[in-house]
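# Topology and contacts: notes
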Amino acid sequence: YPMIPITAGILQSQESKSLLTSFFLSLSYTVGIATTFAILGLLAAFAGQAMGQLMSHPAFVIPLVCILVYLSFSMIGLYNMYVPRFLQPRGHTVRAGSFVSAFTFGAISGVIASPCLSPGLVCLLCLVTTLNSVFLGFLLLFAFGIGLGVPLLIIGTFSSSLSVLPRAGIWMVEIKTLFGFAMLGMCLYFLNYIIPAHIMALVLIGFTCIVGLCFLFIARIAHSNVWKSIYTVLGILLLLSSAYLAYHSLQKYYSPKHDTHSGWQTDYQKALSIARAENKKLFVDIGAPFCSICRAIDASLFADD
């Protein structure tokens, strides 16, 4: 939304009366934004292997989570973040009719003129580093940039469409608040790398319960009946989810266990001695807490008797 008047101003400076020309100028601007984010995703994906090693170290994960918590609390509205003066957008001019200039300005705007995206962008970049896929990292951030640019593309192509957009108002603040809570949930995703599963289950139960109660409290002071209903429904669903997670965790982690995988050994030397005694080969499963594929194999393949 803050970029819509910037985009409109750029295209007005083009003085283009052709719908097709306006579309391609807007497309160039949008692709410029997407390219900037895609390059960030590419860099994050290249660093993925090194980042993967770091994701198992509390000294790295805890500061990362603290940064995300700080950003999410700002989105929830507990305090405001201000953009440093040297990062604030300045006046730029685009040569009339130049697609390259529109693309270049879009690339610059991706870094300078959209500081409100920083919390979500940081969160998404952190997620990309855990995927260990250069192509997927590039693609995810490019899609992020295109998604951001779709309203700008529409505005740039159809100058009259500005009047049919929803008016900026309190609904934008409410959506930002919801995304703030979603970012808090992402903190649990990263903590999952360093916290044992049975403790993480308790943390998740507590998180869903507390957020559910927060939503019910926010519903009491909501600015409209629509948002009051939304927060109430979300709060009730989260409280029910908390109860379900508590029951599931009790069954999985805290009830008496029956070992259905008697063939597995956690002690290598013991397993080696048994294999030698029975004249059998060993199947060794090597993984890491930060390996998403390892967790998928554990959950799907090795969990199946």
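Note that the coordinates shown come from a computational prediction; the quantities given were computed from them, not determined experimentally.

So, on to the overall build of the protein chain. For the protein chain, the helix and strand inventory stands at twelve helices and zero strands. Along the chain direction, N to C, the helices and strands of the protein chain fall in the order α-α-α-α-α-α-α-α-α-α-α-α. Counting every position in the protein chain, which comprises 305 residues, the buried fraction comes to 32%. In the protein chain, once contacts between residues fewer than 6 apart in sequence are set aside, the share between residues at least 24 apart is 74%. In the structure as shown, the protein chain presents an accessible area of about 18600 Å², 69% of it carried by carbon and sulfur atoms.

Mean pLDDT over the protein chain stands at 75; residues scoring 70 or higher make up 71%. No element of the protein chain has a lower mean pLDDT than helix α1 (residues 4-14), which averages 59, and none a higher one than helix α11 (residues 268-278), which averages 91. Long-range and interchain partners of residues 92-96, a stretch whose pLDDT sits below 50, account for twelve contacts in this model, where long-range means more than four residues apart.

With that settled, the discussion passes to the pattern of salt bridges. Under the criterion given, the structure shown has one salt bridge. Across the pair Glu-278 and Lys-280 runs a salt bridge, and its minimum N-O distance is 3.5 Å. Residue Glu-278 is classed as partly exposed on the basis of its relative accessible area of 46%.

Taken N-terminus to C-terminus, the directions of helix α8 (residues 170-191) and helix α9 (residues 197-220) make an angle of 175°; their axes are 11 Å apart at the nearest point. As the angle between them shows, α8 and α9 are arranged roughly antiparallel. Counted together, Leu-178, Phe-181, Leu-184, Gly-185, Leu-188 and Leu-191 of α8 and Met-200, Val-203, Leu-204, Phe-207, Val-211, Cys-214, Phe-215 and Ile-218 of α9 form the full contact between these two elements.

The geometry of two aromatic rings is summed up by the distance between their centres and the angle between their planes. Applying the stated criterion across every chain yields a total of six aromatic pairs. A centroid spacing of 6.2 Å and a plane angle of 10° characterise the contact between Phe-138 and Phe-142, whose relative ring orientation is stacked. Taken together, the positions of Phe-138 and Phe-142, both in helix α7 (residues 134-157) and four residues apart, correspond to about one turn of that helix. Look at Phe-142 and you get partly exposed, because its relative accessible area is 25%. Taken together, the ring pairs connect Phe-181, Phe-215, Trp-227 and Tyr-231 into an aromatic cluster.

Mapped onto the fold, Pro-151 is located in helix α7. Considered as a pair, Pro-151 and Thr-30 are 121 residues apart in the sequence and their alpha carbons are 9.6 Å apart.

Between two packed helices, the angle of one axis relative to the other and the distance separating the axes together describe the packing. Between helix α4 (residues 58-76) and α8, the least distance of the axes is 7 Å, while the angle of their chain directions is 170°. When the axis of α4 is compared with that of α8, the two are roughly antiparallel. Judged by residue contacts, Val-61, Leu-64, Val-65, Leu-68, Val-69, Leu-71, Ser-72, Phe-73, Ser-74, Met-75 and Ile-76 of α4 engage Lys-176, Thr-177, Phe-179, Gly-180, Phe-181, Met-183, Leu-184, Cys-187, Phe-190 and Leu-191 from α8. Among the residues forming the contact of α4 with α8, the class breakdown is 16 nonpolar, four polar and one charged.

The next point concerns the nonpolar core. Val-61, Val-65, Leu-68, Met-183, Phe-190 and Leu-191 are the most contacted members of the largest nonpolar core, which totals 15 residues. At the level of elements, α4, α6 (118-129) and α8 are the ones that each hand at least two residues to this core. It is α4 that provides the largest number of residues to this core, a total of six residues. Formed by twelve residues, the second largest nonpolar core is a distinct cluster that contains Tyr-29, Phe-105, Leu-125 and Val-128.

Now for unusual backbone geometry. A positive phi angle is found at Asn-279, which is not glycine, with a value near 55°. Residue position: Asn-279 is located in the loop between α11 and α12 (292-300). What makes Asn-279 exposed here is its relative accessible area of 72%.

Another aspect to go through is a nonpolar patch on the surface. On the surface, Phe-135, Leu-136, Leu-139 and Leu-140 cluster together to form a nonpolar patch covering roughly 350 Å² of accessible area. Within the secondary structure, Phe-135 is located in helix α7.

A separate point is α8. With 22 residues, α8 extends 32 Å from end C-alpha to end C-alpha; this agrees with the ideal 32 Å at 1.5 Å per step. By the burial criterion, the buried members of α8 are Glu-174, Thr-177, Gly-180, Phe-181, Met-183, Leu-184, Cys-187, Leu-188, Phe-190 and Leu-191.

Checked against the element boundaries, Ser-242 lands in helix α10 (residues 225-253). For Ser-242, a relative accessible area of 7% corresponds to the buried category. Not counting the four nearest positions on each side in its chain, Ser-242 is found in contact with Ile-205, Thr-208 and Cys-209.

Procedures and definitions
Residues numbered from 1 in each chain as written. Predicted model: local features only at pLDDT ≥ 70, side-chain atom pairs only at ≥ 80, totals over all residues. Heavy atoms only, no water. Helix = DSSP H or I, 4+ residues; strand = E, 2+ residues; numbered from the N terminus. Buried < 20%, exposed > 50% of the residue type's maximum accessible area, 1.4 Å probe, protein only. Contact = heavy atoms within 4.5 Å. Areas by Shrake-Rupley, 256 points an atom, 1.4 Å probe, with all protein chains shown as cover. pLDDT = per-residue confidence, 0-100. Salt bridge = Lys/Arg side-chain N within 4 Å of Asp/Glu carboxyl O. Axes fitted to C-alpha atoms, helices over the stretch in contact; angles between N-to-C directions. Parallel < 35°, antiparallel > 145°, perpendicular 65-115°, else oblique. Phe/Tyr/Trp six-rings, centres within 6.5 Å; stacked < 30°, edge-to-face > 60°. Nonpolar A, V, L, I, M, F, W, Y, C, P; charged D, E, K, R; others polar. Core = buried A, V, L, I, M, F, W, Y, C linked by side-chain atoms within 4.5 Å. Patch = residues over 30% accessible without salt bridge, like charges linked within 9 Å, V, L, I, M, F, W, Y side chains within 5 Å. Expected span 1.5 Å × (residues − 1).

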